[in-house]
Amino acid sequence: MSTAALPLSAPTVRVVKRDPLPVQLGLTALALLAMGLFIVLPLVAVFVQAFAKGLEGYRSAVQSPETRSAIYLSLLTVGVAVPLNTVFGMAAAWAVTKFQFRGKNILVTLIDIPFGVSPVISGLIYVLVFGAQGWFGEWFSDHDIQIIFAVPGIILATTFVTFPFVARELISLMESQGTDEEEAALVLGASGWQMFWKITLPNIKWGLLYGVVLCTARALGEFGAVSVVSGHIRGETNTLPLHVEILYNEYNYSGAFAVASLLSVIAVISLALKKFLEHKTGLESQ
Amino acid sequence: MGACSTRSTRLGNRLHTFKRPSILPGFWPAFGYTAIYLSLIVLVPLSAIFFKTATSSWEHIWTVVTSPQVVASYRLSFGASLAAGGVSVAVGFLVAWVLVRYEFPGKALVDALVDLPFALPTAVAGIALTSLYTENGWIGQYLAPLGIKVAFTPLGVIVALTFIGLPFVIRSVQPVLADADQELEEAASSLGATRWQIFTLVIFPLIRPALLTGFALAFARALGEYGSVIFIAGNLPMKTEITPLLIVTKLEQYDYAGATAIAAALLITSFILLLGINVLQRRTRKFLEPA
């Protein structure tokens, strides 16, 4: 250990040879095989099974009124949950990254909690609060407001599950940006909102979009939490993933896979967007 | 006596010790909104689990969380999550290694596909995996003659949890492997180490914390996973029921106390795991950036 390695004289000289070609080829083949079997094949299976009954079968499954109402409910859920979590994410990131205060680490840890909670439990907690036997159940039923087994419960559970996405992305991005530019803007006489629109927002826009994409993908696909609070009322409280489950359990496999293929297309698009945004922000993928 | 003004300065002092002064605006609205929204959406509903558990007697909770059906589900959930975590570590390490160290056509695409299990809705993954591994499925038909049944057995649970866990390991290992100082390997090589020695004595110790982190993340996620598992598991009582499924079953029977007791047990386990992961990650970071 005392004989320190001599600094290499020329940076082009590489003492370490790369792995021999057969090793490289062998390992690459193995890795590709594993990726293909574990990850790509399920995706391919979705599309093949979706068209098992031909284009007609696919079209009728995708265009059925129940599928349409599931699409509508999924979009509504995303339309409420994602903006809520985006506004929260920006507020949380602003407070956490631009200021020093006590208990900051605790706050950041608390924000991450929903990632550590089983989807089933994420639904259960809202049943406990708003369900018939829950804390506020009586009050809400007295006022004829239904939350559990209804649309508000679905939206709440989805909001919980996707809660940390935007905040987490923005916190790590804004942490690295510091406060210099904002302080300069203020010193030069900008108002708070001018500073926000002209300095902060342009700086974080790609990271913000990245968080929104992740949040949207998860909100559209959430199954466990939504399943617990939805009550599975056809045409009323079925999101797309729940509709997939119902069709599947009725042995309507091609229908289930047809609806699943819609979700898979969105998943693939979100992956492409994610890659593009990672490139834009220079973010390391975690 | 000017009590009012002393009180307000005292409050001011207390706020100063809470938050360091800054010329940037908007701390209180942003912090206030964050605290209120966090409490309403996450903290208060989550606390319901513990308040609800506290209303039942310890005997009742204990009988619920130790009933044979529930214990069988722990065994499956823990066993399958451990096994899936192990497979994820082995396969994930291989994929990360190839993605970081080698060049091949389509590498960017493969790298993007690593995140597919994060993006694909769990229910979709669940029915797709089930269709692959049933006895006449694309993969199942080759395993059936060998006497290997995957769908509707614990093995199927492991397959689904591996699908979910793989990206956690790959994404934990990749950056560490990419950052690993090549000079260390060069030094080892110039000191006469063989390739295998370099791997076991230099590279592996460097990425061990990342592997462990990936394993723990995959394991924690697997314990609570629901959508991708319930289809391929088949949910046979005492055999292929995972713990989250039992929570749902109890809820469907309107046994709120029972569901909550199991949920509390699962939740506490997850939090302990996450705490461990935090410690691990901090250690990894220290390892990477020596002060």
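Above this text sits the structure in question.
Residues numbered from 1 in each chain as written. Chains lettered and ligands numbered in written order. Predicted model: local features only at pLDDT ≥ 70, side-chain atom pairs only at ≥ 80, totals over all residues. Heavy atoms only, no water.

**Thoughts on the packing of helix 10 (residues 192–221) of chain A against helix 13 (residues 253–281) of chain A**
All names here are of chain A. One can describe the packing of helix 10 onto helix 13 by two numbers: an axis separation of 9 Å at closest approach and a directional angle of 165 degrees. Of the possible angle classes, the one that applies to helix 10 and helix 13 is roughly antiparallel. Handedness of the helix 10/helix 13 crossing: left-handed. Here Trp206, Gly207, Leu209, Tyr210, Val213, Leu214, Ala217 and Leu220 of helix 10 lie close against helix 13, whose contacting residues are Leu263, Ile266, Ser270, Leu273, Lys274, Phe276, Leu277, Glu278, Lys280 and Thr281. (Axes fitted to C-alpha atoms, helices over the stretch in contact; angles between N-to-C directions. Helix = DSSP H or I, 4+ residues; strand = E, 2+ residues; numbered from the N terminus. Parallel < 35°, antiparallel > 145°, perpendicular 65-115°, else oblique. Left-handed = near helix turned anticlockwise from the far one by under 90°. Contact = heavy atoms within 4.5 Å.)

**So, the interface of chain B and chain A**
The interface of chain B with chain A comprises 89 residues on the first partner and 96 residues on the second. For the interface between chain B and chain A, the tally reads three salt bridges. Across the pair Arg195 of chain B and Asp19 of chain A runs a salt bridge, and its minimum N-O distance is 3.6 Å. At the boundary of chain B with chain A, the tally comes to eleven residue pairs in polar contact (both at pLDDT 80 or more). Per element, the largest residue contribution to the side of chain B that touches chain A is 18 residues, and it comes from helix 2 (residues 27–55) of chain B. Within the side of chain B that touches chain A, the residues separate by chemical class into 63 nonpolar, 16 polar and ten charged. (Salt bridge = Lys/Arg side-chain N within 4 Å of Asp/Glu carboxyl O. Polar contact = N/O pair within 3.5 Å; in protein donor to acceptor, adjacent residues only side chain to side chain. Nonpolar A, V, L, I, M, F, W, Y, C, P; charged D, E, K, R; others polar.)

**Here we look at the environment of Ile71 of chain A**
Residue and element names in this part refer to chain A. Relative to the assigned elements, Ile71 resides in helix 3 (residues 65–98). Assessed through its relative accessible area of 27%, Ile71 is described here as partly exposed. Between the alpha carbons of Ile71 and Pro241 there is a distance of 9.7 Å; along the sequence they are 170 residues apart. Once you skip the residues sitting within four places of it in the chain, Ile71 turns out to touch Leu240 and Leu262. (Buried < 20%, exposed > 50% of the residue type's maximum accessible area, 1.4 Å probe, protein only.)

**Thoughts on the nonpolar core**
Membership of the largest hydrophobic core comes to 174 residues, with the highest contact counts inside it found for Ile111, Ile121, Tyr126 and Phe160 of chain A together with Ile49, Tyr133 and Ile247 of chain B. When we break this core down by domain, the ones giving at least three residues each are domain 1 (22–54) and domain 2 (58–288) of chain B. Judged by nonpolar contacts, the second largest core, of six residues, contains Ala216, Phe219, Leu223 and Leu273 of chain B. (Core = buried A, V, L, I, M, F, W, Y, C linked by side-chain atoms within 4.5 Å. Domains from an automatic or database assignment.)

Fair warning: the whole summary comes from geometry, so function is off the table for now.
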